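# Remarks on the overall topology
Next come the chains, spelled out residue by residue.
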Amino acid sequence: LGTPHTSPTTALVDQTRGLLREIATSPSCSSQTLADAGIRITCVGSSSLSAKLLTTDLEQLIAATSYLPLVGRLDNVKGDGIVPVDLAFMDSPARRVEIERCSATGGAVRHAHVLPTPWNLLDGEAASWKLPEDIVWYGSPGVLGQWSEYVC
């Protein structure tokens, strides 16, 4: 759910410190090898949020600060506000479930319904800040049903 699966050469930084590139070049981790071993793969990503640096929309600004380092550009980049669609899916035969909107509210589908806090760095069990109830994410009603049938 909203997980990057590639690290393009256009990225300004590799936020996984080489892990995604290592996995991408390992034949044993390809979606075809996994499928041949009987492992079904479903990747779920949202294309709800676009990115802009010059805006008064806080979500577009946050998306821009996430997408730009990951893909090296902002033109026509969409995602869940943290992970751009360009990185959210493995190659075929992995199943691709791209979610555009919440079917219940029509709202944008975001990466999470919580924000990490500085305390999470010191204590992994520390509670994150919950966002308002109207913030829609992959686990929200109206979104969950768009992907859960593929992983059960």
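Residues numbered from 1 in each chain as written. Predicted model: local features only at pLDDT ≥ 70, side-chain atom pairs only at ≥ 80, totals over all residues. Heavy atoms only, no water.

## Quick look at the packing of aromatic side chains
Where two aromatic rings form a pair, the distance of their centres and the angle of their planes describe that pair. The condition that has to hold: Stacked, edge-to-face and tilted are the three classes for Phe, Tyr and Trp ring pairs, Trp counted by its six-membered ring, which pair at centre distances within 6.5 Å; planes under 30 degrees apart are stacked, over 60 edge-to-face, the rest tilted. Each ring is checked for a lysine NZ or an arginine CZ that lies within 6 Å of its centre and within 35 degrees of its normal; such an atom marks a charge sitting over the ring.
Tallying each qualifying case throughout the model produces 0 aromatic pairs. One Lys or Arg, Arg96, reaches over the ring of Phe89 and ends 4.0 Å from the middle of that ring.

## Comments concerning the layout of surface pockets
Our working rule: Both site types are read off a 1 Å grid over the protein atoms alone. A 1.4 Å probe that fits but cannot get out defines a cavity, while an open set with protein on both sides within 12 Å along at least five of seven lines defines a pocket; lining residues have an atom within 4 Å of a point. Grid points are joined across faces, edges and corners, and a volume is the space filled by probe spheres set on the points. For the purposes of this entry, the term helix denotes a DSSP run of H or I that reaches at least four residues, the term strand denotes a run of E that reaches at least two, and both are numbered from the N terminus. For this scheme, ten residues count as nonpolar: Ala, Val, Leu, Ile, Met, Phe, Trp, Tyr, Cys and Pro. Four count as charged, namely Asp, Glu, Lys and Arg, and the remainder, Gly too, count as polar.
Approximately 270 Å³ is the volume attributed to the second largest pocket. Along the wall of the second largest pocket there are 13 residues; nearest its centre are His5, Thr6, Ala24, Cys29 and Met90. In terms of residue count, the dominant contributor to the lining of the second largest pocket is helix 1 (residues 19-25) (3 residues). Considered class by class, the residues forming the lining of the second largest pocket number 7 nonpolar, 5 polar and 1 charged.

## Notes on a nonpolar patch on the surface
Filter applied, for reference: Like charges are joined within 9 Å and nonpolar side chains (Val, Leu, Ile, Met, Phe, Trp, Tyr) within 5 Å, but only among residues with over 30% relative accessible area and no salt bridge; these make up the patches. Note on areas: Shrake-Rupley, 1.4 Å probe, and residue coverage restricted to the protein chains presented here. Each reported salt bridge corresponds to a side-chain nitrogen of Lys or Arg within 4 Å of a carboxyl oxygen of Asp or Glu.
Taken together, the side chains of Leu58, Ile62 and Ile82 define a hydrophobic patch exposed on the protein surface, amounting to about 270 Å² of accessible area. Looking at the secondary structure, you find Leu58 in helix 3 (residues 58-71).

## Some remarks on the environment of Val44
Put simply, the rule is: When checking whether two residues touch, look at their non-hydrogen atoms; a contact exists if any pair is within 4.5 Å.
Among the structural elements, Val44 can be located in strand 1 (residues 42-46). When residues no more than four places from it in sequence are discounted, the contact partners of Val44 are Leu1, Gly2, Phe89, Val97, Ile99, Tyr138 and Trp147.

## Observations regarding the side chain of Ser46
Using the following cut-off: Working definition: with a 1.4 Å probe on protein chains only, accessible area under 20% of the residue-type maximum means buried, over 50% means exposed, and in between means partly exposed.
By secondary structure assignment, the location of Ser46 is in strand 1. For Ser46, a relative accessible area of 1% translates into the label buried. In contact with Ser46, other than residues within four places in its own chain, are Gly79, Asp80, Val85, Ile99, Val109 and Tyr138.

## Some details on the nonpolar core
So the rule is basically this: Here the nonpolar core consists of buried residues drawn from Ala, Val, Leu, Ile, Met, Phe, Trp, Tyr and Cys, with membership extended through side-chain atoms lying within 4.5 Å.
Residues Leu49, Ala51, Ala63, Ala64, Tyr67, Leu70, Val71, Leu74, Val77, Leu87 and Ala108 constitute the largest nonpolar core, which totals 11 residues. With 5 residues, the top contributor of residues to this core is helix 3. Ignoring any residue separated from it by four or fewer positions in sequence, one finds Leu70 in contact with Pro8, Ala11, Gln15, Ile82, Pro84 and Leu87. Grouped together as the second largest cluster of nonpolar side chains are 9 residues, Ile99, Val109, Tyr138 and Trp147 included.

## Here's the deal with unusual backbone geometry
Pro93 follows Ser92 through a cis peptide bond whose omega is 20 degrees. The backbone of Asn76 sits at a positive phi, close to 55 degrees, despite the residue not being glycine. Here Asn76 shows up in the loop between helix 3 and strand 3 (78-79).

## Some remarks on the pattern of salt bridges
All chains considered together, the criterion is met by 4 salt bridges. Residue Arg110 pairs with Glu59 through a salt bridge whose shortest N-O separation is 2.3 Å. Taken together, the positions of Arg110 in the loop between strand 4 (95-99) and strand 5 (114-115) and Glu59 in helix 3 put the pair 51 residues apart, joining distant regions of the chain. What makes Glu59 partly exposed here is its relative accessible area of 30%. Across the salt bridge formed by Arg73 and Asp75, the nearest N and O atoms sit 3.9 Å from each other. Salt bridges sharing common partners tie together Arg73, Asp75 and Asp86.

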